[in-house]
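Residue strings, one per chain:
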Amino acid sequence: MTHSFPGGSKSRVNKAGENVRNRCATIRDVLVIDEWRAAHFNVLNTFQASLRNRTRNTKIYVAQRHKRQSTIFGKLLRFPKMQLARMDDVAGCRLIFPDIDTLYNFRNSFHKARFRHKRKNEIDKYDYIKTPKSTGYRGVHDVYSYDVNSVKGKDLKGLMVEIQYRTQAQHAWATAVEVIGFITENQPKFQEGDTRYLVAMSLASEIIARTSEANFGTHYNIEDTELVKQFLEIDEELSLLRMLRALNATETEQTEKKNIILIVDKDGGLEMQTYRDAPEALRALFQLENDRPDSDIVLVKADSSEEVRFAFRNYFSDATDFIRLIEEGCRTLSRNQKIIGFDGIDVK
């Protein structure tokens, strides 16, 4: 039996990616990329099964997601030297923990797991809790290279999966950043658009880190009350919290079909399509991406509809946890000093 790298070869996948970057991709290039993307689904299933076994009967949430075609293409444009076949976050498993200690304890235990898959990064390389990003992003990532002995898995060897570790507080912040990207013309996640959103969310991350996790971010040198003051001044200009409060969260469909395609149209409306069968879901994903290029479309998987909603709250325009953490944080850091915020209400 002949085996080959998904998409034909690594060089063919890289060539397709380069054509996307140069805006000259053919239909064949897109098909090559789609075949390569689809192959990651089996890799995801292997890792999420292992993670679920290890998190059973805990307060740790596990979900998985396929990187969107539009996000892959956008990343190729942002990073002109990146080779597509080496993109390491096409397949992603996300774990959400109640606190930092639980996160690190689980990660250290998982590093000792007995399997052939190899962690590609040094232990602190993608630790954005110890060294937060300038955007305010906090969390930890690991990248694994897939390796199995089975005949079926031989052609998947070398495909990579990213494991994201976040606390609930860090996830609340990251969700709000994604929601802002959906409902405004700005992308603070990618440092694009109005820089006030980037500054506001960076300050918000610092507030949450200090008050929810007894930690610090990139603004460690700003005094507590000054930090609150700066955030609320920008919030007053942007009406950021007011905008997030006004969003209506969409109820998740109760279903046993665990492969779920979330579709956000250009007007912000959310649609869900559910599938029992993973191959059927992949086929539908690729067809939807072709038919609805202006929509934001992602295939996700979790054990229950509640887990989908929690792990992918950005698709439900749900920033309630972020709002609560910010309001509580501002009140805590203000230390009973009178600061005007939250639509003119004294923060004290």
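Structure: above.
Described in the following lines is the structure provided in the data block. Just so you know, these numbers come straight off a predicted model, no measurement behind them.

Following the sequence through the fold, K59 ends up in the loop between α2 (27-55) and β1 (61-66). Taking the relative accessible area as the measure of exposure, K59 reaches 67% and is therefore exposed. Remark: the alpha-carbon pair of K59 and I96, spanning 37 residues in sequence, is separated by 8.6 Å. Filtering out sequence-adjacent residues up to four positions away, K59 remains in contact with I96, P98 and Q168.

Let us look at unusual backbone geometry. The phi torsion at N57 lies on the positive side, around 65°, for a residue other than glycine. Within the element layout of this structure, N57 appears in the loop between α2 and β1. N57 sits in the exposed class, given a relative accessible area of 80%. The backbone of S239 sits at a positive phi, close to 55°, despite the residue not being glycine. Take S239: its relative accessible area is 29%, and that puts it in the partly exposed class.

Moving on to the nonpolar core. Core analysis: the largest hydrophobic core is formed by 39 residues, its most contacted members being F47, L95 and Y165. When contributions to this core are tallied by element, the ones reaching two or more residues are α1 (10-21), α2, α3 (69-78), β2 (91-97), α4 (100-111), β4 (140-145) and β5 (160-167). Examining the composition of this core, we find that 8 residues originate from one element, α2, more than from any other. Not counting the four nearest positions on each side in its chain, L95 is found in contact with L51, T55, I60, Y61, V62, F106, I163, Q164, Y165 and R166.

What follows is about the pairing of β4. In terms of burial, β4 is largely enclosed, as 6 of its 6 residues are buried. Of the pairings in the sheet, the one linking strand β3 (residues 118-119) to β4 comprises 2 bridges and is antiparallel in character. In the strand pairing of β4, K118 is matched with S145. Alignment of β4 against β5, held across 6 bridges, turns out to be antiparallel.

Each aromatic ring pair is summarised here by two numbers: the centre-to-centre distance and the angle between the ring planes. Counting across every chain of the model gives 10 aromatic pairs. Look at F110 and F115: their rings are 5.6 Å apart centre to centre, the planes differ by 65°, and that puts the pair in the edge-to-face class. F110 gets classed as buried once you look at its relative accessible area, which sits at 1%. Centre to centre, the rings of F115 and Y144 are 5.9 Å apart; their planes meet at 85°, and the pair counts as edge-to-face. Placement of F115 in the loop between α4 and β3 and of Y144 in strand β4 is noted, with a sequence separation of 29 residues between them. For F115, a relative accessible area of 27% corresponds to the partly exposed category. The exposure class assigned to Y144 is buried, which follows from its relative accessible area of 2%. Chaining the aromatic ring pairs together yields one cluster made of F47, F97, F106, F110, F115, Y144 and Y165. Sitting over the face of the ring of Y128, K133 holds its NZ or CZ atom 4.7 Å from the ring centroid.

You can see Q64 is positioned in strand β1. Taking the C-alpha atoms as reference points, Q64 and N45, 19 residues apart in sequence, are found 8.5 Å from one another.

On to the sheet that holds β1. Reading across the sheet, the 8 strands line up as β3-β4-β5-β2-β1-β8-β6-β7 and stay open at both edges, with mixed pairing between neighbours. Either end of the sheet is taken by a strand with one partner, and the two such strands are β3 and β7 (270-275). Sheet strands touched by helix α5 (residues 168-183): β1, β2, β5 and β8 (296-301). Its angle to β5, the strand with the most contacts, is close to 110°.

Running from N to C, α1 and α3 point in directions that differ by 75°, and their axes come no closer than 9 Å. Comparing the axis directions of α1 and α3 gives the class roughly perpendicular. Of the residues in α3, those in contact with G17, V20 and R21 of α1 are F73, L76 and L77. In the contact of α1 with α3, the residues fall into 4 nonpolar, 1 polar and 1 charged.

Conventions adopted
Residues numbered from 1 in each chain as written. Predicted model: local features only at pLDDT ≥ 70, side-chain atom pairs only at ≥ 80, totals over all residues. Heavy atoms only, no water. Helix = DSSP H or I, 4+ residues; strand = E, 2+ residues; numbered from the N terminus. Buried < 20%, exposed > 50% of the residue type's maximum accessible area, 1.4 Å probe, protein only. Contact = heavy atoms within 4.5 Å. Core = buried A, V, L, I, M, F, W, Y, C linked by side-chain atoms within 4.5 Å. Pairing = 2+ DSSP bridges. Phe/Tyr/Trp six-rings, centres within 6.5 Å; stacked < 30°, edge-to-face > 60°. Lys NZ or Arg CZ within 6 Å of the ring centre and 35° of its normal. Axes fitted to C-alpha atoms, helices over the stretch in contact; angles between N-to-C directions. Parallel < 35°, antiparallel > 145°, perpendicular 65-115°, else oblique. Nonpolar A, V, L, I, M, F, W, Y, C, P; charged D, E, K, R; others polar.

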